[in-house]
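The lines below spell out each chain.
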Amino acid sequence: MKCFSATLLVLTMAFMAFSQQKTDTWLDQLLREKASPGLLHVLNNPDSFQYQLIYTKIDRNKNNLPTFKHYLLHVDGSRYFNPASMVKMPTAFCALEKLHELNKPGVDKYTAMLTDSSFERQTRVWTDTSAISGFPSIAQYIRKIFLVSDNDAYNRLYEFVGQQSLNERLWRKGYPNSRITRRFVSMNEEQNRHTNVIRFMQDGKLLYEQPATYNPLPFDFTKKILIGSGHWDRNDSLIKAPMDFTTHNNMPLQDLQQIAQSVLFPASVKPAQRFNLTEDDYQFLYRYMSELPSESQYPKYDTSEYFDSYTKFFFFKAGRSPIPSYIRAFNKTGWSYGFLTDVTYIVDFKHQVEFMLSGVIYVNSDGILNDNRYEYEQVGYPFFKETGEIIYQYELTRPRKYKPDLTRFKLNYQDQ
């Protein structure tokens, strides 16, 4: 216990040091030199838009080993933003990790996973018509999470991992300021502590049954988190007071960036920060973090609703910009309550360019939450598009001693 506490202390100190690196002047100047009036307006009002950016420059040596340098703009780990669907990314990683730890014969990410109802407000899932097998599975849920940010898919993985296990895994990996406390369905705090009985089946035979679980550990909710000047409640009543996010999910941007980096480049972080994944898991994740809805057959999507840039904020979502065939974005996005977030690794195979970008912005000029009147289209998506383009143009021209070999990220998107 003493060793674990000491480790947490070191990790917390490292986190605090990272979060204190608020802004790199060089990144601020780079954006301002190229910014349109609209982007300049955002850059000049960091308190209103609450934006944070992390640009991660990647350089390779002669053996193709990468090094990373992070440039920060108004990054503040203590400033809350609602991560929304961003919590689905670490939940997916933890689900795969837990599978390996179970080590049950015949149980893998493709095995049929049937979820039962074991506590109030829980629901069961025994079939999945979007899957080629007709059954739900961890693999199918992960596909849906990264392709279109499916909420039910996240809920099922949250239930498989369990609230206590999910948070303890992240804390052990060095993210003590992150917490995942809730599903994306109407439940109270106590209901979210309970997770369902889950059965793994093959040809009608039970391979493994996971009992219902309960998280007895307390969360630190001493810091009150209030946002906005008013909000609409579940009864469609306007409450003229800030919305309380104290018990909501919380993940600082630098945590999300490092979690993504730890899967995209596992050797770049300490062993304790890595997820216990196989090479097959990595290739599976890379595919669905970068695949486009039009390329998916199972699930099959209506691309008029789920267009190719549906979950690709940097560069592409504003104006539904076409994505060049030689560029892939390995990413996860989140949007809710006026907050937009994207953590992405961009690869340009044609020009041999790679970099990471992570960002969040708050676009809610009237200060009212839950009214569905957010400036996503007018301000949010253009912010991601223009900042991404400025960094990309810089990357195209900056000198590199060694061109990256990006073969690892050239994937087959045809087989299902």
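Residues numbered from 1 in each chain as written. Predicted model: local features only at pLDDT ≥ 70, side-chain atom pairs only at ≥ 80, totals over all residues. Heavy atoms only, no water.

K.L.:
How should unusual backbone geometry be read in this particular structure?
P.N.:
Outside of glycine, negative phi angles account for most residues, and trans bonds account for most peptide bonds. Cis geometry is found at the peptide bond from Y298 to P299, where omega equals 10°. One can find P299 in the loop between α11 (279-290) and β12 (327-336). Located in the positive-phi region is D203, a residue other than glycine, with phi close to 55°. Along the chain, the position of D203 falls in the loop between β5 (198-202) and β6 (205-210). In this structure, R320 is a non-glycine residue whose phi angle is positive, near 50°. Inspection of the secondary structure puts R320 in the loop between α11 and β12. (Helix = DSSP H or I, 4+ residues; strand = E, 2+ residues; numbered from the N terminus.)

K.L.:
What am I meant to see in the sheet that holds strand β10 (residues 238-239) here?
P.N.:
Hydrogen bonds between backbone atoms are what pair the strands of a sheet, whose relative direction is either parallel or antiparallel. Within the open sheet, the 3 strands sit side by side as β10-β9-β15. Their pairing is mixed. Strands with a single pairing partner mark the edges of an open sheet, and in this sheet they are β10 and β15 (368-369). (Pairing = 2+ DSSP bridges.)

K.L.:
When you look at the packing of helix α5 (residues 88-102) against α11 in this model, what are you seeing that I'm missing?
P.N.:
Pairs of packed helices are described in terms of their axes, by the angle between the two and the distance that separates them. Their axes nearest at 12 Å, the elements α5 and α11 cross at an angle of 160°. Judged by the angle between their axes, α5 and α11 are roughly antiparallel. Crossing hand, α5 versus α11: right-handed. Across the interface between the two elements, F93, L96 and H100 of α5 pack against D281, L285 and M289 of α11. Partitioning the contact of α5 with α11 into residue classes produces 4 nonpolar, 1 polar and 1 charged. (Axes fitted to C-alpha atoms, helices over the stretch in contact; angles between N-to-C directions. Parallel < 35°, antiparallel > 145°, perpendicular 65-115°, else oblique. Left-handed = near helix turned anticlockwise from the far one by under 90°. Contact = heavy atoms within 4.5 Å. Nonpolar A, V, L, I, M, F, W, Y, C, P; charged D, E, K, R; others polar.)

K.L.:
Which parts of the structure should I look at to understand the environment of F339?
P.N.:
Locating F339 in the fold gives a position in strand β13 (residues 339-348). Remark: the alpha-carbon pair of F339 and Y51, spanning 288 residues in sequence, is separated by 9.3 Å. What F339 contacts, discounting residues up to four positions off in sequence, is Q50, Y80, F81, N82, I227, G334, V360, I361, Y362 and Y376.

K.L.:
What should I look at first to understand the nonpolar core in this one?
P.N.:
Nonpolar side chains in soluble globular proteins tend to end up buried together. Counting 114 residues, the largest nonpolar core has I138, F146, F160, F330 and Y345 as the members making the most contacts within it. If we skip the residues at most four places from it in the chain, F160 touches A95, K98, L99, L102, M113, I138, I198, F200 and Q210. (Core = buried A, V, L, I, M, F, W, Y, C linked by side-chain atoms within 4.5 Å. Buried < 20%, exposed > 50% of the residue type's maximum accessible area, 1.4 Å probe, protein only.)

K.L.:
Please explain the packing of aromatic side chains as it appears in this structure.
P.N.:
What characterises a pair of aromatic rings is the spacing of the ring centres plus the angle enclosed by the ring planes. In the structure shown here, the tally under the stated rule is 42 aromatic pairs. Here the basic side chain of K69 rests over the ring of Y71, its NZ or CZ set 5.1 Å away from the ring centre. When the ring centre of Y326 is taken as origin, the NZ or CZ atom of K350, which lies over that ring, is 5.0 Å away. (Phe/Tyr/Trp six-rings, centres within 6.5 Å; stacked < 30°, edge-to-face > 60°. Lys NZ or Arg CZ within 6 Å of the ring centre and 35° of its normal.)

K.L.:
Just checking my understanding: could you explain the environment of N276 for this structure?
P.N.:
Tracing the sequence through the fold places N276 in the loop between α10 (253-264) and α11. C-alpha separation for the pair N276 and Y286, spaced 10 residues apart in sequence, amounts to 15 Å. Once residues lying within four places of it in the same chain are set aside, the contact partners of N276 are L96, E97, H100 and E101.

K.L.:
I'm lost on the packing of α5 against α10 in this one. Help?
P.N.:
At a minimum axis separation of 10 Å, α5 and α10 run at an interaxial angle of 40°. You can see that α5 and α10 cross each other, and the crossing is left-handed. Residue-level inspection shows M89, P90 and F93 of α5 in contact with α10, the latter providing L256, I259, A260 and V263. Residue classes in the contact of α5 with α10 are distributed as 7 nonpolar, no polar and no charged.

By themselves these figures say nothing about function.
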